[in-house]
Amino acid sequence: MASSEPLVLGIETSCDETGIGIVRGHSLLADAVASSVEEHARFGGVVPEVASRAHLEAMVPTIERACDTAGIALRDVDAIAVTAGPGLAGALLVGVAAAKALAIGLDKPLYGVNHLAAHVAVDQLQHGALPEPCLAMLVSGGHSSLLRVGDVTGDIQPMGATIDDAAGEAFDKVARLLGLGFPGGPVIDRTAVSGSSIAIDFPRGLTTRKDLERHRFDFSFSGLKTAVARWVEARERSGEPVPVADVAASFQEAVCDVLVRKALDAASSEGIDEIVIGGGVAANSRLRVLAEERASKLGIRIRVPRPGLCTDNGAMVAALGSEMVARGRTPSALDLPADSSQPVTHVLA
Ligand code: KG4
Ligand code: ZN
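Residues numbered from 1 in each chain as written. Chains lettered and ligands numbered in written order. Predicted model: local features only at pLDDT ≥ 70, side-chain atom pairs only at ≥ 80, totals over all residues. Heavy atoms only, no water.

Thoughts on the sheet that holds strand 3 (residues 27-35)
Spatial strand order, 3-2-1-4-5: five strands in an open sheet with mixed pairing. Two strands close off the open sheet at either side, each with one partner strand: strand 3 and strand 5 (110-114). Between one strand axis and the next, the sheet turns through 20° on average, direction left out of account. In terms of strand pairing, strand 2 (residues 17-24) meets strand 3 through eight bridges, oriented antiparallel. If you follow Val-23 over to strand 3, its bridge partner there is Leu-28. (Pairing = 2+ DSSP bridges. Helix = DSSP H or I, 4+ residues; strand = E, 2+ residues; numbered from the N terminus. Axes fitted to C-alpha atoms, helices over the stretch in contact; angles between N-to-C directions.)

Written out as structure tokens, the structure is:
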């Protein structure tokens, strides 16, 4: 390993995970995550104030844990990267404040990066340099989009996005109505294993010929969620038991089918033969298999990081920061703001 490559520490606090990652070039040295998910479970969703306080409490211990794992001291770090947005405003502020403190205390450059671009950049830690251009599908609790990535540090063009719920949000809402708990993605993934994906024919949003005219690369999951709710209600009204595993598997199939179809269509339309999938929903086992199966038939390569790198973590922020350093990007100013609605086109704040 070339020790001349910069050592970058990344801080992620956009939602309920306090993530600290340490990378050298494309090598991952540490990925410490402290999650407050348990504290939100009884509310069925992330409570911003609770998340912010948890970040505050977890920050220093998580930084220490990451440094221990990487076998480095903070003074060895060459640059600090932090999620500047998008995300929960109060949660982002904790990370940005910590990053500024480190940058000033250690006298190192600070890079305020986009959370969504970081979900794409993280794949470099596992599969090496991203092809340019590549097509990225970003599927998380807050976002579902198809992006043409010319350069992950500065040239990201949105091709389409959800017009209502994000894919992860649909998993969370359907899990809730099935009484499976929060977060919904992992539990639906597990429950679906014992169900049939063809038991119920749930709708595929924005796939009719008419929809494709205006929304070829957009997604819609709100109708699907309502269809699941109506189906379950009808069952309950008729006094029949709800086949939870079948509902989970058929719902998951509907989401994955549309995601994969549209990602492949977007890549083909751009003449791109590599697709990177990132974000929490990319951890879904069915999505991974289906994408691989259909892409290989078209000669398209799917790159998807291991599940632990798909959900929010600090390594992804460090990975994007490392790329910023490698490409000689100008660091952020020390008055860097946290921007809760930072657009994906704004990669470096
Ligand atoms: O990227 P992420 O950790 O946080 C955001 O930036 O939103 O994504 C969280 C979302 C949640 O909605 C969660 O239910 C979903 O990712 N998720 C999954 C799986 N693991 C997490 N969805 C489907 N299958 C999974 N295995
Ligand atoms: Zn995320």
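Text resumes after the structure shown.
Observations concerning the coordination of the zinc ion (ligand 2)
Taken together, the protein ligands of the zinc ion (ligand 2) are His-115 (NE2), His-119 (NE2) and Asp-312 (OD), with distances of 2.0 to 2.2 Å. The sequence pattern describing where the donors of the zinc ion (ligand 2) fall on their chain is H-x3-H-x192-D. One end of the pair, His-119, is in helix 4 (residues 115-121); the other, Asp-312, is in the loop between helix 12 (307-310) and helix 13 (315-326), and 193 residues separate them in sequence. In this structure His-119 comes out as buried when scored by relative accessible area, which is 1%. Residue class for Asp-312 comes out buried when judged on its relative accessible area of 15%. (Donors = N, O, S within 2.8 Å, 3.2 Å for Na, K, Ca; no water. Buried < 20%, exposed > 50% of the residue type's maximum accessible area, 1.4 Å probe, protein only.)

Some words on the sheet that holds strand 10 (residues 301-303)
Pairing between the strands of a sheet comes from backbone hydrogen bonds, and it takes one of two forms, parallel or antiparallel. Pairing is mixed across the open sheet formed by five strands, whose spatial order is 8-7-6-9-10. Of all the strands in the sheet, the pair left with one neighbour each is strand 8 (155-161) and strand 10. Within this sheet the neighbouring strands show an average axis-to-axis angle of 25°, counted without direction. Here six bridges tie strand 6 (residues 134-139) to strand 7 (residues 144-151), and the two strands are oriented antiparallel to one another. Considered in strand 7, the bridge of Leu-138 is made with Ser-145.

Things to note about the state of the cysteines
Following the criterion strictly, the structure yields zero disulfides and no others. Cysteine Cys-256 is unpaired, with the sulfur of Cys-310 as its nearest cysteine sulfur at 13 Å. For Cys-256, a relative accessible area of 1% corresponds to the buried category. (Disulfide = S-S within 2.5 Å.)

Topic: the site of ligand 1
The environment of ligand 1 is formed by 20 residues, the closest being Gly-141, Asp-172, Gly-185, Asp-189 and Gly-280. Here an oxygen atom of ligand 1 sits 2.9 Å away from a polar atom, N or O, in the main chain of Gly-185. At a separation of 2.9 Å, a nitrogen atom of ligand 1 approaches a polar side-chain atom of Asp-189. When ligand 1 is considered free in solution it has 550 Å² of accessible area, and contact with the protein chains removes 89% of it. Of all the elements in the fold, those that place two or more residues in the shell around ligand 1 are helix 4, helix 6 (167-177) and helix 7 (184-192). Considering only residue class, the shell around ligand 1 consists of five nonpolar, 12 polar and three charged. (Near = heavy atom within 4 Å. Polar contact = N/O pair within 3.5 Å; in protein donor to acceptor, adjacent residues only side chain to side chain. Areas by Shrake-Rupley, 256 points an atom, 1.4 Å probe, with all protein chains shown as cover. Nonpolar A, V, L, I, M, F, W, Y, C, P; charged D, E, K, R; others polar.)

So, the environment of Gly-205
Inspection of the secondary structure assignment puts Gly-205 in the loop between helix 7 and helix 8 (209-215). Judged by relative accessible area, Gly-205 falls into the buried class, the value being 18%. Separated by 54 residues in the primary sequence, Gly-205 and Asp-151 have C-alpha atoms spaced 30 Å apart. Sequence-distant contacts of Gly-205, that is, excluding residues within four places in its chain, are made with Ser-220, Val-258 and Lys-262. (Contact = heavy atoms within 4.5 Å.)

Focus on the packing of aromatic side chains
Throughout the structure, instances matching the rule amount to two aromatic pairs. Between Phe-171 and Phe-251, the ring centres sit 5.1 Å apart and the planes meet at 75°, which makes this aromatic pair edge-to-face. Of this pair, Phe-171 sits in helix 6 while Phe-251 sits in helix 10 (residues 244-270), and the two are 80 residues apart along the sequence. Like Phe-251, Phe-171 is buried. Ring centres 5.9 Å apart and planes at 15° place the aromatic pair Phe-219 and Phe-221 in the stacked group. The class of Phe-221 is buried, set by a relative accessible area of 2%. (Phe/Tyr/Trp six-rings, centres within 6.5 Å; stacked < 30°, edge-to-face > 60°.)

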